Amino acid sequence: MPSVGEIWELIRESYSISEMYGNLSPARVFTALGTAAVCGLVIYLVYRFFYRGLVFSENYNILLILVTVVTAFIINTISANIVLSLGMVGALSIVRFRSAVKDPLDIGFLFWGIAAGVTSGAGLYFTAMAGTAFIAVLYILLIFLKKQKRSYLLIVRYGKKAEEDIDSLLGTTSYKLKNKTKTGDSTELTVEVKIKNNDADTLAKFNAVDGVETATLLEYSGEYMS
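The following paragraphs examine the structure supplied in this document. (Residues numbered from 1 in each chain as written. Predicted model: local features only at pLDDT ≥ 70, side-chain atom pairs only at ≥ 80, totals over all residues. Heavy atoms only, no water.)

### Here's the deal with the pattern of salt bridges
Rule in force here: We define a salt bridge as a contact between a side-chain nitrogen of Lys or Arg and a carboxyl oxygen of Asp or Glu at a distance within 4 Å. Numbering goes from the N terminus for both helices and strands, where a helix is a DSSP run of H or I of at least four residues and a strand is a run of E of at least two.
The final tally for this structure, using the stated rule, is three salt bridges. Where R157 meets E188, a salt bridge forms, and the shortest distance between an N and an O atom there is 3.6 Å. With R157 in strand β1 (residues 150–158) and E188 in strand β3 (residues 186–195), this pair connects stretches of sequence that are 31 residues apart. Here E213 and R157 are joined by a salt bridge, their closest N and O atoms 3.3 Å apart. Separated by 56 residues along the polypeptide, E213 in strand β4 (residues 212–219) and R157 in strand β1 bring together distant segments of the chain. Each member of the salt-bridge network shares a partner with another, and the members are R157, E188 and E213.

Written out as C-alpha cells, the structure reads:
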C-alpha cells in the first residue's frame, strides 16, 4: 500500500508531464500532420509527372511523402520541450543512410520534403503550403524552359566518300566532339548536339548523305544516356 507522500509525488509528476505537453493538443498534432501530408502529396505529384532526371524511382517518390510527414511528426514533438528535443537530436544522430543518390535532383526533392515537414511541424502552416506551391510552380516552369532544347549524342558511321558532306553538315550545326574513331576507310563520329525535342530533321540530314552507313541519335544527360 503506497503512502500518502508517494501518492502525492505521483500526482505532481503526472501534473508536470501533462503541463509539459499541454500545447500538443490533438487539433495541433493532426493539423501539422495533415498539412505535411498535403505538402508531401504535392511533392509526390510534381516528382511523378514532371521529373526529368536520370532514373525515376516509384519507391523514392513514396519516400518523399513519408519524409515530409515524419519530419513534421518529429518537429511537432520536440517543440513541446527543449530537454526532449536534445534527446531526440542525440538519438537521430546515430542514424546513418548508405543509399547512394544517383541524381542531384533527388537531393533537391528530399530537402524540399524536409523543409515542408519542418515548417508544418513548427506550426507555420501557411509558410509550408505557400513554400511548397511556389517551389512546385518554379520547378515546372524550369522544366518547360528546359524542354525547348535538349542535349543529344549524334553517332554517325560513314565511309571515305561521305567525309566532305559530313564536315559540311557539321559546319552548320553547333556541336561538341566527343569521340572520333577511324578504322580503314570507315569512320565513327560521336558529337554532342542540342536540338528540340522530337526534331528528326538533324538525323534525316545525316542519313541522306551518300556513304553514311548508320546515324543514331541518343538523349544525353552528362553521364547517362537514355
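Having seen the model, we can carry on.
### Topic: the environment of A72
Note the following rule: Buried means the residue's accessible area, taken with a 1.4 Å probe over protein chains only, is under 20% of the maximum for its type, while exposed means over 50%, and partly exposed covers the values in between. Every residue pair with non-hydrogen atoms within 4.5 Å of one another is taken to be in contact.
As for its position among the elements, A72 is in helix α3 (residues 58–78). According to the relative accessible area criterion, A72 is buried, its value standing at 0%. For A72, the residues in contact, after removing those within four places along its chain, are A32, A36, G117, S120 and G121.

### Some points on the side chain of T187
Using the following cut-off: Polar contact is defined as a pair of N or O atoms within 3.5 Å, subject to the rule that within protein one atom must be able to donate a hydrogen and the other to accept it, and that residues adjacent in sequence are counted only when both atoms are side-chain atoms.
Relative to the helices and strands, T187 resides in strand β3. Owing to a relative accessible area of 1%, T187 belongs among the buried residues under this scheme. Looking at T187, its side chain comes within polar contact range of the side chain of K182, at 3.4 Å. Excluding residues within four positions of it along the chain, T187 makes contact with V156, R157, Y158, E163, K180, T181 and K182.

### Focus: the side chain of N61
If you trace the backbone, N61 turns up in helix α3. Of the residues examined, N61 reaches a relative accessible area of 0% and is grouped as buried. A distance of 3.3 Å separates a polar side-chain atom of N61 from the backbone oxygen of Y44. Excluding its chain neighbours within four sequence positions, the residues that come into contact with N61 are I43, Y44, Y47, R48 and F56.

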